[in-house]
Amino acid sequence: MKPSEKQLVIGRRNALKMMGLGSAGMLAAGFSDINAMEAAAELKPKGKPLLTSGNSSVALTSGTDRKHMISEVIKPFDKEIRSGLKGKQLVIKVNMVVTDTPLCAPHVDALDALLAYLKPIYKGQIIIGESSSTFDSAPGFKTYGYADLASKYNVKFVDLNGTAGTPAYVLDRNLHMDKIQLIDTLVNPDNYVISLSRLKTHNTVIMTGGVKNMAMGAPLMHTVSGSNRPVSYKRNMHSGGPRWLHYNIFAVYPQVRADFTIIDGIEGMEGNGPISGTPVDHRIALAGQDAVAIDSLCCKMMDISLDDVGYLTYLDAAGYGNIDYNKIDIIGSTKPEDHIIKYELASNAAYQLEWKDPFAIPGQGGQGGQGGQRPPQQPQPGQKPAQPQPR
């Protein structure tokens, strides 16, 4: 018997240096009030090994048959997926930013192909979850045709907004530590999480793929008693603009790394993504265990420089994935260089790239710094000027 909709949809090396901040900059910016012991005790990243040793494998294919293509990029990892699923709750994290724009979400055929692969190897109920920016994710499961798949598969659709949270720490616009909550379902190491998203440009960090699906899907949204407006920790991630979001994605991602990542790039989005862009007939699909490597290949095929996508370069530097093309083993006969399409970036791309400019740290007494340095201290009357120190 087909379940009712009510049954199907339930509940709601120092990266600061990469931002241009050393230890002196942290103090100048107001980090002296941080309770480091509390942060260290609470911030316990998901227990998965770093990907610093060896190469990363990514399956890549091209064509027009979405179901066949998604199946084709999953199958090379059959052994790893079966092993990872043992004793775990399976969660599929779909990427639907809003609930009424089909191009912003993976096509229903991509989800159908994934479920068809999983059906014979996973006998438990599969959770399909999302925490859309509109707070109530439930309408999207219907709008995008996902709910219809309940007649074929043992699935439960879960609005992750309003569920339990786990603490994490990001930077606010004043460069103070900001405590947020991440969705437990995506942090819990007892869950096997598969990320499924589309290939899109973005209005703050240039592009979005597998990494951002997890890092920005994880911050919790919940209601507050006596208020009509939900609390959104996703807003805290954006904080002061692109420079902050690149870093905050880097800060959050280690806790919510997906076990397996799939990119539905048959039809991508360019321009003012991740919601208001236009379609690109790209005809590609990718999958693998290293979302950083997958997203770096997406950048290559979107003709986007990796130097423009800070969160990917940060994660690579910290050992959470590979962006070096020479360290990525392509599975299949499709070559990335044969499928490069120059995606039009968002109309505010110049603003987005300001994160690459030097970061000026304010000096004492309200004086602005020069090139990220404090202005030189003036000697007191009768005091000899300070001599320069060797470096």
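Rules and cut-offs
- Residues numbered from 1 in each chain as written.
- Predicted model: local features only at pLDDT ≥ 70, side-chain atom pairs only at ≥ 80, totals over all residues.
- Heavy atoms only, no water.
- Buried < 20%, exposed > 50% of the residue type's maximum accessible area, 1.4 Å probe, protein only.
- Helix = DSSP H or I, 4+ residues; strand = E, 2+ residues; numbered from the N terminus.
- Pairing = 2+ DSSP bridges.
- Axes fitted to C-alpha atoms, helices over the stretch in contact; angles between N-to-C directions.
- Parallel < 35°, antiparallel > 145°, perpendicular 65-115°, else oblique.
- Contact = heavy atoms within 4.5 Å.
- Nonpolar A, V, L, I, M, F, W, Y, C, P; charged D, E, K, R; others polar.
- Phe/Tyr/Trp six-rings, centres within 6.5 Å; stacked < 30°, edge-to-face > 60°.
- Disulfide = S-S within 2.5 Å.
- Polar contact = N/O pair within 3.5 Å; in protein donor to acceptor, adjacent residues only side chain to side chain.
- pLDDT = per-residue confidence, 0-100.
- Core = buried A, V, L, I, M, F, W, Y, C linked by side-chain atoms within 4.5 Å.
- Salt bridge = Lys/Arg side-chain N within 4 Å of Asp/Glu carboxyl O.

What about the pairing of strand 2 (residues 56-62)?
Next up, step 1: Here strand 2 lies mainly inside the structure; 5 of its 7 residues are buried.
Next up, step 2: Sheet analysis places strand 2 next to strand 14 (residues 328-331), joined by 4 bridges and oriented parallel. Counterpart to Ser 56 in the pairing with strand 14 is Ile 328.
Next up, step 3: With 5 bridges joining them, strand 2 and strand 13 (residues 278-288) adopt antiparallel strand pairing. Paired with Val 58 across the bridge in strand 13 is Gly 288.

Some remarks on the packing of helix 10 (residues 210-217) against helix 12 (residues 242-252)
Next up, step 1: Taken N-terminus to C-terminus, the directions of helix 10 and helix 12 make an angle of 85 degrees; their axes are 9 Å apart at the nearest point. By the angle between their axes, helix 10 is roughly perpendicular relative to helix 12. Residues Val 211, Lys 212, Ala 215 and Met 216 of helix 10 form the contact with helix 12, whose own contacting residues are Leu 245, Ile 249 and Val 252.
Next up, step 2: Its residues assigned to classes, the contact of helix 10 with helix 12 shows 6 nonpolar, no polar and 1 charged.

Details of the packing of aromatic side chains
Next up, step 1: Using the criterion set out here, one finds 7 aromatic pairs in the structure.
Next up, step 2: With centroids separated by 6.1 Å and ring planes inclined at 70 degrees, the aromatic side chains of Trp 244 and Phe 359 adopt a geometry described as edge-to-face. Of this pair, Trp 244 sits in helix 12 while Phe 359 sits in the segment after helix 15 (349-352); the two residues are 115 residues apart in sequence, bridging distant segments of the chain.
Next up, step 3: For the pair Tyr 247 and Phe 250, a centre-to-centre distance of 5.9 Å together with 50 degrees between the ring planes defines the contact as tilted.

Digging into helix 7 (residues 108-118)
Quick reminder: α-helices carry 3.6 residues per turn. Residues three or four places apart thus point the same way.
Next up, step 1: Of all 11 residues making up helix 7, 9 are buried, and the element is well covered by its neighbours.
Next up, step 2: When helix 7 is considered as a whole, its buried residues turn out to be Val 108, Ala 110, Leu 111, Asp 112, Ala 113, Leu 114, Leu 115, Tyr 117 and Leu 118.

Looking at the environment of Ala 168
Next up, step 1: Take Ala 168: it is sitting in strand 6 (residues 165-171).
Next up, step 2: A relative accessible area of 1% means that Ala 168 is categorised as buried.
Next up, step 3: Put simply, Ala 168 and Gln 255 are 87 residues apart on the chain and 8.4 Å apart in space, counted from C-alpha to C-alpha.

Topic: helix 10
Next up, step 1: Buried residues dominate helix 10, accounting for 8 of its 8 residues.
Next up, step 2: Where helix 10 is concerned, the buried positions are Gly 210, Val 211, Lys 212, Asn 213, Met 214, Ala 215, Met 216 and Gly 217.

Comments concerning the state of the cysteines
Next up, step 1: With the rule as written, the count across this model stands at 0 disulfides.
Next up, step 2: Here Cys 298 is not disulfide-linked; the sulfur of Cys 299 is the nearest cysteine sulfur, at 7.1 Å.
Next up, step 3: Judged by its relative accessible area of 0%, Cys 298 is buried.

A few points about the environment of Ser 131
Next up, step 1: With respect to the helices and strands, Ser 131 occurs in the loop between strand 4 (126-130) and helix 8 (138-143).
Next up, step 2: Distance in space between the C-alpha atoms of Ser 131 and Lys 93 is 9.0 Å, their sequence separation being 38 residues.
Next up, step 3: The residues contacting Ser 131, other than those within four sequence positions of it, are Ser 137, Leu 160, Asn 161, Ile 183, Gly 217 and Lys 234.
Next up, step 4: One polar contact links the side chain of Ser 131 to the main-chain carbonyl oxygen of Gly 217, over a distance of 2.4 Å.
Next up, step 5: A distance of 3.1 Å separates a polar atom in the side chain of Ser 131 from a polar atom in the side chain of Lys 234.

Quick word on the confidence of the model for the protein
Next up, step 1: When pLDDT is averaged along the protein, the result is 84, and 79% of the positions lie at 70 or above.
Next up, step 2: Counting interchain partners and residues more than four positions distant, the pLDDT-below-50 stretch residues 1-46 has 82 contacts.
Next up, step 3: When the criterion is pLDDT under 50, residues 364-377 qualifies, and its contacts beyond four places in sequence or with other chains add up to 19 contacts.

Concerning the nonpolar core
Next up, step 1: By size, the foremost hydrophobic cluster in this structure holds 64 residues, and its most contacted members are Met 207, Val 211 and Leu 286.
Next up, step 2: When residues of this core are assigned to their parent elements, the largest contribution, 8 residues, is made by helix 13 (residues 291-301).
Next up, step 3: In contact with Val 211, other than residues within four places in its own chain, are Ile 249, Tyr 253, Ala 291, Val 292, Asp 295, Tyr 311, Leu 312 and Leu 315.

Points about unusual backbone geometry
Next up, step 1: Geometrically, the link from Gly 273 to Pro 274 is a cis peptide bond, its omega value of 10 degrees lying close to zero.
Next up, step 2: Along the chain, Pro 274 falls in the loop between strand 12 (260-270) and strand 13.
Next up, step 3: Although it is not a glycine, Ser 239 adopts a positive phi angle of roughly 45 degrees.
Next up, step 4: Counting through the fold element by element, Ser 239 comes out in the loop between helix 11 (233-238) and helix 12.
Next up, step 5: Assessed through its relative accessible area of 22%, Ser 239 is described here as partly exposed.
Next up, step 6: Phi at Arg 283 is positive, roughly 60 degrees, even though this residue is not glycine.
Next up, step 7: Within the secondary structure, Arg 283 is located in strand 13.

Quick word on the pattern of salt bridges
Next up, step 1: The final tally for this structure, using the stated rule, is 9 salt bridges.
Next up, step 2: For Glu 130, the salt bridge is made with Lys 93, and the minimal N-O distance between the two is 2.7 Å. Taken together, the residues span a long stretch of sequence, with Glu 130 in strand 4 and Lys 93 in strand 3 (residues 89-94) at a distance of 37 residues.
Next up, step 3: A relative accessible area of 2% means that Glu 130 is categorised as buried.
Next up, step 4: Relative accessible area serves as the criterion here: at 1%, Lys 93 is assigned to the buried category.
Next up, step 5: Lys 342 serves as the salt-bridge partner of Asp 303, at 3.6 Å between the closest nitrogen and oxygen. Taken as a pair, Asp 303 in the loop between helix 13 and helix 14 (310-317) and Lys 342 in the loop between strand 14 and helix 15 lie far apart in primary sequence, 39 residues in all.
Next up, step 6: We classify Asp 303 as partly exposed; its relative accessible area is 40%.
Next up, step 7: Residue Lys 342 is classed as exposed on the basis of its relative accessible area, which comes to 60%.
Next up, step 8: What you see here is one network of salt bridges that share partners, running through Lys 67, Asp 112 and Lys 152.

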